[in-house]
Amino acid sequence: MSAAVGAASARPAVGQLKVPARRLHLLRVDVRGAYGVALWPVLFSLSLGLWGIEREHSMWRDEAATWQAAHRSPGEILHLLGQVDLVHGLYYAVMHVNFALFGDSLLTLRLPSVIAAAGACALTARLAARLCGRPAGTAAGLALAMVPAVQELAQEDRPYAGVLFFVVLSTTLLVHALQWPGRRRWAGYAAALLAAALLNWLALFTVAAHALTLVCVRPGRRQWSRWATAAGAAVAGALPLVLLSRKQAAQVAWIDPLGLPTVLAVTGTAAAAALCALLPVARTAADSRGEAREVTVGLGALAFPLYAVPQLGLLAVSAVKPLHVTRYVLYSYAGLALLVAALVVTLAARFRARSGGFVGVTACAALLVMLPQAADLRTADSRVDDVLAAARHVAEAGAGADGVLYIPAARRDTALVSPREFAGMRDLAMAQGPVDSGTLKGIEAAPGAVTEAIRDARRIVVVTDPGPPSLKSAGDRAKWQALAGEFVRLSDTVDRGRRVIVYARIAERDTGRGSVRDTERRTEPAPG
């Protein structure tokens, strides 16, 4: 009896099971090890991402497109992609699932980008630590988090932070596969590269960047063959998207031709990056784990192509077809962050300072310098326009209106994101809705039909852009002409990049709401 009791008491109770020391070591978070080096960059990136994430309760037009698409059913998303935004198809599907699981709000809208950016900073830190030591790892992760473009796109519900994460992941897996070859590593490399390309196929510049890295590190023929197979599989997987999306090339017609300031900024930064790549610490590979490697990869040979090839490649393409937008090659800043880390470590050695302390002081100084710009990025005015502000003004100034017009039609996103503010107003130009037509702005009726609908209305709200109207279509010209002939303005409000005008039929002028009202900025008077 006593023996049985003793045996029973010797058994660990439920919830108190003992874990072998070896497994317990694997479960612990090693703050000073390979994972610990990413701790501060992750916390810093998450803090920057969550700081002012709602941007004064604003949403700009590109985010409004994601909001609309994510609220459609899978079949409706497929219908949309056949007409527009095919390049964002995978992202829209992910955001649809995100809304289904966690609900729709500005927080859930932008949180995936925050997490993706933090993950990219973690991977960048680990990669730099592997190639150049722990201080360089911390510096690289913090530097990537502080890049203004990364801060901006980490708070937008667009795919570019996700592209950054998968490009850094593919670069990390490339280094692993070169140093310790294995089928799983090469398969993971191909999968990460394909994921980046499916989110934005301009991420395929990464393939050229990695090819240049291989030229620098000179692996054997077998490694070249394995890389070519993996990279080729990723390119082949993305090729249908590349070919099909060319039919929607008109979507990027808004991009301006290259200007001299852009060319000088990109080439100047690339030249500075090249100098950092020549630093001794960037040319010497230092694996902190001390394991035997098949191929030696230096930080400079990896980082400089990752920055320069996408940037200069997009610059070259834009000389023929305007396409240069910073967010399209956001992922290249991971290469720049790695080179900044090499520079910081070099300066620490030059001044004979402790590397860890020097990295911390440098990061704090950089943050203080960039703080005004960082704060500005978190305001509503930092983006092109705000569809939510326009909707609020419609609700306030448009009470009693029985019709609404959008000039151009793309400004219909204001109502599609905030339909309650437009309750009771008839869309006077709509012929087929956005969901039914598989578009983001719907299909409008012929100019004559729109004119007749305007004549039947008593009070009309117009949602348009600030400044003189750009009447590029016959339908938009017909809208203004009909308003000019029979209506008078009651109020005119410009706020956060959108303009809301309330018109009343001339016969009702005496019952209007008063004189023209402008807020924040006065623009040129609209026709009529």
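K.L.:
Explain the overall build of the protein chain to me, please; I cannot follow it from the model alone.
P.N.:
Summing up its helical and strand segments, the protein chain has 23 helices and seven strands in all. The buried share among the 528 residues of the protein chain stands at 51%. Taking the contacts inside the protein chain whose residues are at least 6 apart along the sequence as the reference set, 78% of them involve residues at least 24 apart. Accessible area for the protein chain stands at about 24500 Å²; split by element, carbon and sulfur atoms hold 62% of it.

K.L.:
Just to check I follow, could you spell out helix 19 (residues 387-397) for this structure?
P.N.:
One turn of the α-helix equals 3.6 residues, which is why residues spaced by three or four share an orientation. When you tally the buried positions in helix 19, you get eight out of 11 residues, the bulk of the element. Listing the buried residues of helix 19 in full gives Val387, Leu388, Ala389, Ala390, Ala391, His393, Val394 and Ala397. By the N-cap criterion, in which a side-chain oxygen at the helix start approaches the backbone nitrogen of a residue two or three places on, helix 19 is capped by Asp386, the distance to Leu388 being 3.0 Å.

K.L.:
Before we go on, may I ask you to explain the pattern of salt bridges in this structure?
P.N.:
Any two side chains of opposite charge can pair if their charged atoms end up close together. Summed over all chains, the structure comprises 19 salt bridges. For Lys479, the salt bridge identified is with Asp476, shortest N-O distance 3.2 Å. A residue pair is termed a helical-turn pair when its members lie 3 or 4 positions apart in one helix, as Lys479 and Asp476 do in helix 23 (residues 474-486) at three residues. Across this residue pair, the class does not change: Lys479 and Asp476 are buried. Taken together, the shared-partner salt bridges in this structure form one network comprising Arg412, Asp427, Glu444, Asp476 and Lys479.

K.L.:
Could you clarify how one ought to interpret the pairing of strand 1 (residues 403-407) in this entry?
P.N.:
On a regular strand, one side chain projects to one face of the sheet and the next to the other, so that they alternate. Counting buried positions along strand 1 gives five out of five residues, so the element sits mostly inside the fold. Direction of pairing for strand 1 relative to strand 2 (residues 426-427): parallel, over a ladder of two bridges. Residue pairing in the sheet places Val404 in a bridge with Asp427 of strand 2.

K.L.:
Is there a simple way to explain the pairing of strand 6 (residues 487-495) in this structure?
P.N.:
Burial analysis of strand 6 places nine of its nine residues in the buried class, which makes it a mostly covered element. Here strand 6 pairs with strand 7 (residues 498-505) via eight bridges, running antiparallel. The partner of Val488 across the bridge, within strand 7, is Ala504. Between the antiparallel neighbours strand 6 and strand 7 lie two residues, among them Arg496 with a positive phi of about 50 degrees.

K.L.:
Before we go on, may I ask you to explain the packing of aromatic side chains in this structure?
P.N.:
What describes a pair of aromatic rings is the distance from one ring centre to the other and the angle between the planes of the rings. Throughout the structure, instances matching the rule amount to nine aromatic pairs. Taken together, a centroid distance of 6.1 Å and an interplanar angle of 40 degrees make the contact between Tyr160 and Tyr328 tilted. Taken together, the residues span a long stretch of sequence, with Tyr160 in helix 10 (residues 160-179) and Tyr328 in the loop between helix 16 (299-320) and helix 17 (333-350) at a distance of 168 residues. In this pair, the class of Tyr160 matches that of Tyr328, namely buried.

K.L.:
What should I look at first to understand unusual backbone geometry in this one?
P.N.:
In this model, Ile407 is joined to Pro408 through a cis peptide bond whose omega is 0 degrees. Note on placement: Pro408 falls in the loop between strand 1 and helix 20 (413-417). At Arg496, a residue that is not glycine, the phi angle is positive and equals roughly 50 degrees. Among the residues examined, Arg496 registers a relative accessible area of 17% and is labelled buried.

K.L.:
Just checking my understanding: could you explain the sheet that holds strand 6 for this structure?
P.N.:
Each strand in a sheet pairs with another by means of backbone hydrogen bonds, the pair being arranged parallel or else antiparallel. Spatial ordering of the open sheet is given by 2-1-5-7-6, a layout of five strands whose pairing is mixed. Pairing within the sheet leaves two strands with one partner each, and these edge strands are strand 2 and strand 6. Across five bridges, the pairing between strand 1 and strand 5 (residues 459-464) is parallel. By the bridge assignment, Tyr406 is partnered in strand 5 with Val463. Sitting on the sheet, helix 23 is in contact with strand 1, strand 5, strand 6 and strand 7, with an inclination near 130 degrees to strand 1.

K.L.:
Which parts of the structure should I look at to understand the packing of helix 8 (residues 134-146) against helix 17?
P.N.:
Axes are the key here: two packed helices are described by the angle between their axes and the distance separating the axes. Relative orientation of the contacting elements helix 8 and helix 17 amounts to 135 degrees, with a least axis distance of 8 Å. The orientation of helix 8 with respect to helix 17, classified from their angle, is oblique. Note on packing geometry: the crossing formed by helix 8 with helix 17 is right-handed. In contact with Pro135, Ala136, Ala139, Ala140, Ala143 and Leu144 of helix 8, helix 17 contributes Tyr333, Ala334, Ala337, Leu338, Val340, Ala341, Val344 and Val345. Residues belonging to the contact of helix 8 with helix 17 are distributed by class as follows: 14 nonpolar, no polar and no charged.

Reading guide: rules and limits
Residues numbered from 1 in each chain as written. Predicted model: local features only at pLDDT ≥ 70, side-chain atom pairs only at ≥ 80, totals over all residues. Heavy atoms only, no water. Helix = DSSP H or I, 4+ residues; strand = E, 2+ residues; numbered from the N terminus. Buried < 20%, exposed > 50% of the residue type's maximum accessible area, 1.4 Å probe, protein only. Contact = heavy atoms within 4.5 Å. Areas by Shrake-Rupley, 256 points an atom, 1.4 Å probe, with all protein chains shown as cover. Polar contact = N/O pair within 3.5 Å; in protein donor to acceptor, adjacent residues only side chain to side chain. Salt bridge = Lys/Arg side-chain N within 4 Å of Asp/Glu carboxyl O. Pairing = 2+ DSSP bridges. Phe/Tyr/Trp six-rings, centres within 6.5 Å; stacked < 30°, edge-to-face > 60°. Axes fitted to C-alpha atoms, helices over the stretch in contact; angles between N-to-C directions. Parallel < 35°, antiparallel > 145°, perpendicular 65-115°, else oblique. Left-handed = near helix turned anticlockwise from the far one by under 90°. Nonpolar A, V, L, I, M, F, W, Y, C, P; charged D, E, K, R; others polar.

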